[in-house]
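Below are the chains, spelled out letter by letter.
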Amino acid sequence: MSVPSSDSPARVASSSRVKDVIGLVARLILGGVLLYAGLSKVGNLEQSVLAVRAYQLLPWDLAAWVGYGLPVFEIILGLLILVGLFTRWTALMGALVMVAFIFGISWAWAKGLSIDCGCFGDGGTVDPGQTQYPQDIVRDLFFVLAGAWLVVRPRSLFAADKWLFGWDDPLTTDGFNDLDEDDDLAATAAHDHDDTKDPVR
């Protein structure tokens, strides 16, 4: 005698679909903002260097390397997240970039610096009344949450991982193919549902 599952196959499938949509939205948000941030800076790399140096956090020469390299890195990372390629790991890197931004903004705030965050092509010293440290931190925390969702559940709609590799995250070690844990739940629920039709085995 099997105990009927509390979740019907349709309900489990619907829940999985909703999570896939959330994953797509998270990819569009995190990947989109990284791509936009990189494109807004790559046309004026000298300004990007000045923005990094304004934080007074890195040595002078290292800040130059970061200023030159960060826009290109953001563009590549943003594109990978947008297309859903190696989603778990690119989202992790994207979230860590946002954490680094939050740390830098918090550092500047604590040091009493009056600078623009330089996230989208500006940067450098501004009047004290023009700083927006709390808003910048809250904004970047939102992007961290989008990345965290994708790290925990990299599966999403229209992801290159699925199309190219036949599974949702080709860098995982469990080697799953077409089924992830949500599909397993759906299959289990369907099996339990069938058992209720023939309770005696």
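Fair warning: this is a prediction, and the values are worked out from it, not measured in the lab.

Some remarks on helix α3 (residues 60-83)
1) Next: Counted at 1.5 Å a residue, the expected span for α3 with its 24 residues is 34 Å, and the 35 Å between its end C-alpha atoms agrees.
2) Next: When the local axis directions of α3 are compared, the greatest deviation, roughly 35°, occurs at G69, which is followed within four positions by the proline P71.
3) Next: A63, A64, G67, L70, P71, E74, I75, L77, G78 and I81 are the residues of α3 that are buried.
4) Next: One or two residues past the end of α3 sits G84, with phi positive at roughly 75°.

Details of helix α5 (residues 133-152)
1) Next: Compared with an ideal rise of 1.5 Å per residue, which puts 20 residues at 28 Å, α5 spans 28 Å between its outermost C-alpha atoms and is within 8% of the ideal.
2) Next: Restricting attention to buried positions, one finds in α5 the residues Y133, D136, I137, D140, F143, V144, A146, G147 and L150.
3) Next: Of the surrounding secondary structure, the elements contacted by the buried residues of α5 are α1 (9-42), α4 (87-110) and β1 (115-116).

Topic: the nonpolar core
1) Next: With 26 residues, the main nonpolar core has L30, L34, M98 and I115 as its most contacted residues.
2) Next: For this core, the elements supplying multiple residues, two or more each, are α1, α3, α4 and α5.
3) Next: Looking at this core, the element that brings in the most residues is α4, giving seven residues.

Thoughts on the confidence of the model for the protein chain
1) Next: Counting all residues, the mean pLDDT for the protein chain is 86, and 79% of those residues have values of 70 or more.
2) Next: The low-confidence segment residues 173-180 (pLDDT under 50) makes 13 contacts with residues lying over four places distant or belonging to another chain.

Looking at empty space enclosed by the protein
1) Next: Applying the stated rule across the entire model yields two cavities of 30 Å³ or more.
2) Next: By volume, the largest cavity is sized at about 60 Å³.
3) Next: Secondary-structure elements contributing two or more residues to the lining of the largest cavity are α1, α4 and α5.

Description of unusual backbone geometry
With the exception of glycine, most residues fall at negative phi, and the peptide bonds are largely trans.
1) Next: With a phi close to 55°, Q56 is a non-glycine residue in the positive phi region.
2) Next: Here Q56 is to be found in the loop between α2 (45-54) and α3.
3) Next: Positive phi values are uncommon outside glycine, yet F158 reaches one of about 55°.
4) Next: Within the secondary structure, F158 is located in the loop between α5 and α6 (160-165).
5) Next: The class of F158 is exposed, set by a relative accessible area of 54%.

Each value, and the rule that gives it
Residues numbered from 1 in each chain as written. Predicted model: local features only at pLDDT ≥ 70, side-chain atom pairs only at ≥ 80, totals over all residues. Heavy atoms only, no water. Helix = DSSP H or I, 4+ residues; strand = E, 2+ residues; numbered from the N terminus. Expected span 1.5 Å × (residues − 1). Bend = angle between axes of the 7 residues up to and from the residue. Buried < 20%, exposed > 50% of the residue type's maximum accessible area, 1.4 Å probe, protein only. Contact = heavy atoms within 4.5 Å. Core = buried A, V, L, I, M, F, W, Y, C linked by side-chain atoms within 4.5 Å. pLDDT = per-residue confidence, 0-100. 1 Å grid on protein atoms, 1.4 Å probe; cavity = no way out; pocket = protein on both sides within 12 Å on 5 of 7 lines; lining within 4 Å. Points joined across faces, edges and corners; volume = space filled by probe spheres on them.

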